[in-house]
Amino acid sequence: MERRTIGATALAVGAVGLGCMPMNWAYSTSRQRGDESVRAVHRALDLGATLLDTADMYGPFTNELLLGRVLRQRRPDAFVSTKVGLLVGEQHLVANGRPGYVKRACDASLRRLQTDVIDLYQLHRADPEVPVEETWGAMADLVRAGKVRALGLCAVGARSARRPGARLHDATVRQLERVQQVFPVSAVEAELSVWSPEALRTLLPWCVSRGVGFLAAMPLGNGYLTGTLTPGQGFEPEDLRARHPRFTAEMMAANQPIVAGLRRVAARHGEDVTPAQVALAWVLAQGRHVVPVPGTKRERWVSENAAAAGLRLTGRDLAELRGLPAAQGSWD
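The paragraphs below set out a description of the structure included in this document. This one's a predicted model, so the numbers in the text were calculated from it and none came from an experiment.

Quick notes on the overall build of the chain
Part 1 of the argument: A count of helices and strands for the chain gives 12 helices and 12 strands.
Part 2 of the argument: A compact globule built from 332 residues should have a C-alpha radius of gyration of about 20 Å, and the chain, at 19 Å, falls within 12% of that.
Part 3 of the argument: Along the first, second and third principal axes, the C-alpha set of the chain runs to 50 × 45 × 40 Å.
Part 4 of the argument: With 332 residues in all, the chain has 57% of them scored as buried.
Part 5 of the argument: Approximately 14000 Å² of the chain is accessible, and the part contributed by carbon and sulfur atoms is 51%.
Part 6 of the argument: The average position of the 41 basic charges and that of the 33 acidic charges among the side chains of the chain differ by 2 Å.

Following this line, the structure appears as structure tokens:
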């Protein structure tokens, strides 16, 4: 697989990564199988999809434990990205950016992952009670201690943190400007897909201008852009899509023209090319430092996603995808 670099230190990873969250958290819990997920991680590494993206809150903790089963055998093959700063409460998430907590959480993640170093340690969410510089300083101490190689900031929660009237990533860019004064940012993780392109406006340009890597979260639109979901099919109560504004039966039906456009482009590249692969190829075409991180728990989808790294979209393809209707269904 093609390799791409993250950050000024030129950390090399496969062009397509693996989001590990669905293996233990947030999606179709009745279909989660530990052994099947372990096989999926092995398959990703076999195919060169080296970036494994997890977080201590996924499960919580069980996702890191699962990856640890693979890493104890194949640590040299993997690039490990995990996150700190969010705790799972009864019905909500709580940010914790206190320096002492960050350092204890890192040690706990290292134990669960069965490794002595984390390649990319990301701040999952800034704590409103703690200056972000203090949290970032504690994370920088972990780099100096040899427990972490590089630091990143996760902006996936930017929608919920946005002030009325502000652009989506304004607050994230302000945070990045602040922490960059403390210690270099190597990567930013944020949502980017055919139906959620907002990061192209300000956040990705900020990263490009500073040599910061961009990890594209949810590049397949939480599964919608694969074309395998049926409007009105319903989701398990614990599945995040059960409460997602774009996954009501009405909105899933209204957004079918987006999937139809992906299918048209796929058909031009061969009968074996899928809408999901076109969606990932679109993300890859947004820049040399962009790495999509599609989430899955099955070997079949790992193989399909990895193959997207070899799909080259034409100017005609990209123009057609740019012309697709905007997604319906508010995220706010």
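A look at the packing of aromatic side chains
Part 1 of the argument: Scanning all chains against the criterion turns up four aromatic pairs.
Part 2 of the argument: Here Tyr 224 and Phe 247 contribute two aromatic rings whose centre-to-centre distance is 6.2 Å and whose plane-to-plane angle is 85°, an arrangement assigned as edge-to-face. Highlighted residues: Tyr 224 in the loop between strand E11 (213-217) and helix H8 (249-254) and Phe 247 in the loop between E11 and H8, separated in sequence by 23 residues.
Part 3 of the argument: When its relative accessible area of 1% is taken as the criterion, Tyr 224 is described as buried.
Part 4 of the argument: Through a chain of ring-to-ring contacts, the aromatic side chains of Trp 195, Tyr 224, Phe 235 and Phe 247 assemble into a single cluster.
Part 5 of the argument: Here the basic side chain of Arg 246 rests over the ring of Trp 195, its NZ or CZ set 4.9 Å away from the ring centre.

Looking at the sheet that holds strand E4 (residues 51-53)
Part 1 of the argument: If you trace the eight strands from one edge of the open sheet to the other, you get E3-E4-E5-E8-E9-E10-E11-E12, paired in parallel fashion. Looking at the sheet topology across the chains shown, the edges are occupied by strand E3 (18-19) and strand E12 (290-293).
Part 2 of the argument: On top of the sheet, helix H3 (residues 99-113) reaches strand E5 (79-84), strand E8 (118-123) and strand E9 (148-154); it is set at about 140° to E8, its chief contact.

Each value, and the rule that gives it
Residues numbered from 1 in each chain as written. Predicted model: local features only at pLDDT ≥ 70, side-chain atom pairs only at ≥ 80, totals over all residues. Heavy atoms only, no water. Helix = DSSP H or I, 4+ residues; strand = E, 2+ residues; numbered from the N terminus. Rg over C-alpha atoms; globule rule 2.2 N^0.38 Å. Buried < 20%, exposed > 50% of the residue type's maximum accessible area, 1.4 Å probe, protein only. Areas by Shrake-Rupley, 256 points an atom, 1.4 Å probe, with all protein chains shown as cover. Lys, Arg positive; Asp, Glu negative; His and termini not counted. Charge placed at Lys NZ, Arg CZ, Asp CG, Glu CD. Phe/Tyr/Trp six-rings, centres within 6.5 Å; stacked < 30°, edge-to-face > 60°. Lys NZ or Arg CZ within 6 Å of the ring centre and 35° of its normal. Pairing = 2+ DSSP bridges. Contact = heavy atoms within 4.5 Å. Axes fitted to C-alpha atoms, helices over the stretch in contact; angles between N-to-C directions.

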